[in-house]
Amino acid sequence: MKIQINSDKQIPVHEAFAAAAKADLLRALRPFVARLTRLEVHLSDVNSDKGGSDDKRCLLEARPARQKPVSVSADAATVDMALASAAGKMKRRLATLFAKAGPRPAPVKPALLESTASARKTTAKRNTTQGAETIPNARGVKKKVVYRARRKAWPKRGR
């Protein structure tokens, strides 16, 4: 996972701060590191030189593999507090996102892919030899009769 830190001209980011921020983010998001491709941190000063409470903003944008980016933001009095708050929000957001997606699929070995492809071919040959019209799709071969039956069962709109 790549971590990129961006800031505006009001917030100086030194190498020591960047290293500490990356370590804090990795510690907070440890369960999700394998599923993320990139994490962008945007630090900004909300009202420039004026000061006040909730003056610093941290926006985190996580990019999960094969999914849309997810972002959260947090305002606080200091950059460190804003970063910690945004990291906590991102942890909860990613936990929800990945819980809805379900468990991670196990990696498929190339030998299993070849045997599955050959099984599809034999199924297709068997179905075509029986005389039924077939349509190939991602899950294998499906009989055209099933499509026709489903189409007839659909409710008619506007009639």
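Bear in mind that the values here come from a model prediction, so they are computed numbers and not experimental data. (Residues numbered from 1 in each chain as written. Predicted model: local features only at pLDDT ≥ 70, side-chain atom pairs only at ≥ 80, totals over all residues. Heavy atoms only, no water.)

Describing the overall build of the protein chain
So the rule is basically this: Only DSSP runs of H or I with at least four residues qualify as helices, and only runs of E with at least two residues qualify as strands; both kinds are numbered from the N terminus onward. The criterion used for residue contact is that any of the two residues' heavy atoms lie within 4.5 Å. In these tables, accessible area is a Shrake-Rupley quantity obtained with a 1.4 Å probe, and a residue counts as shielded only by the protein chains included in the view.
Summing up its helical and strand segments, the protein chain has four helices and six strands in all. Along the protein chain, helices (α) and strands (β) appear in the sequence β-α-β-β-β-α-α-β-β-α when read from the amino end. Long-range pairs, those at least 24 residues apart, make up 44% of the contacts in the protein chain with a sequence separation of at least 6. Carbon and sulfur atoms provide 54% of the accessible area of the protein chain, an area that totals close to 11400 Å².

With respect to the side chain of K56
Applied cut-off: Between buried and exposed lies partly exposed: a residue is buried under 20% and exposed over 50% of the maximum accessible area for its type, with that area taken using a 1.4 Å probe on protein chains only. Between N or O atoms, a polar contact is any pair within 3.5 Å; within protein, one atom must be a potential hydrogen donor and the other a potential acceptor, and residues adjacent in sequence are included only when both atoms are from side chains.
Along the chain, the position of K56 falls in strand β3 (residues 56–64). By relative accessible area, K56 is classed as buried at 18%. A distance of 3.2 Å separates polar atoms of two side chains, one belonging to K56 and the other to D55. If we skip the residues at most four places from it in the chain, K56 touches I11, S44, D45, V46, A74, D75, A76, A77, T78, V79 and A82.

Side note on the pattern of salt bridges
Put simply, the rule is: By definition, a salt bridge exists where a carboxyl oxygen of Asp or Glu is found within 4 Å of a side-chain nitrogen of Lys or Arg.
Applying the stated criterion across every chain, the model contains seven salt bridges. Across the pair R63 and E40 runs a salt bridge whose closest N-O atoms are separated by 3.5 Å. Note that R63 is positioned in strand β3 and E40 in strand β2 (residues 36–45), a separation of 23 residues in sequence. The residue K56 makes a salt bridge to D45 at a minimum N-O spacing of 3.3 Å. Remark: D45 occurs in strand β2 and K56 occurs in strand β3; sequence separation between them is eleven residues. Each member of the pair, K56 as well as D45, carries the same accessibility label: buried.

Some points on helix α2 (residues 79–101)
The test is simple: Expected span of a helix, by definition, is 1.5 Å for each gap between consecutive residues, and there is one gap fewer than residues.
Spanning 23 residues, α2 covers 32 Å between terminal C-alpha atoms, matching the ideal 33 Å at 1.5 Å per step. Inspection of α2 places V79, A82, L83, A86, A87, M90, L94 and F98 among the buried residues, and these make up the whole buried set. The inward-facing, buried residues of α2 contact α1 (15–28), β2, β3 and β4 (70–76). Trailing α2 by a residue or two, G102 shows a phi angle of about 95 degrees, which is positive.

Quick word on the nonpolar core
Inside soluble globular proteins, nonpolar side chains tend to come together where they are buried. Put simply, the rule reads: Residues belong to one nonpolar core when they are buried, are Ala, Val, Leu, Ile, Met, Phe, Trp, Tyr or Cys, and are joined through side-chain atoms within 4.5 Å.
The biggest cluster of nonpolar side chains holds 27 residues, and the ones touching the most others in it are L25, V41, C58, L60, M90 and L94. Mapped by element, the contributors of at least two residues to this core are β1 (2–7), α1, β2, β3, β4 and α2. A per-element tally of this core places α2 first, with eight residues. If we skip the residues at most four places from it in the chain, L25 touches I3, L39, V41, L60, L83 and A87.

Regarding α1
The criterion, for reference: The arc refers to the directions leading from the helix axis to the C-beta atoms.
Taking 1.5 Å per residue, 14 residues should reach 20 Å; α1 reaches 20 Å between its end C-alpha atoms and fits that length. Those residues of α1 lying buried are A18, A21 and L25. With its buried residues spanning 65 degrees around the axis, α1 presents them on a single face. Pointing more than 90 degrees away from the buried face of α1 are the exposed residues E15, A16 and R27.

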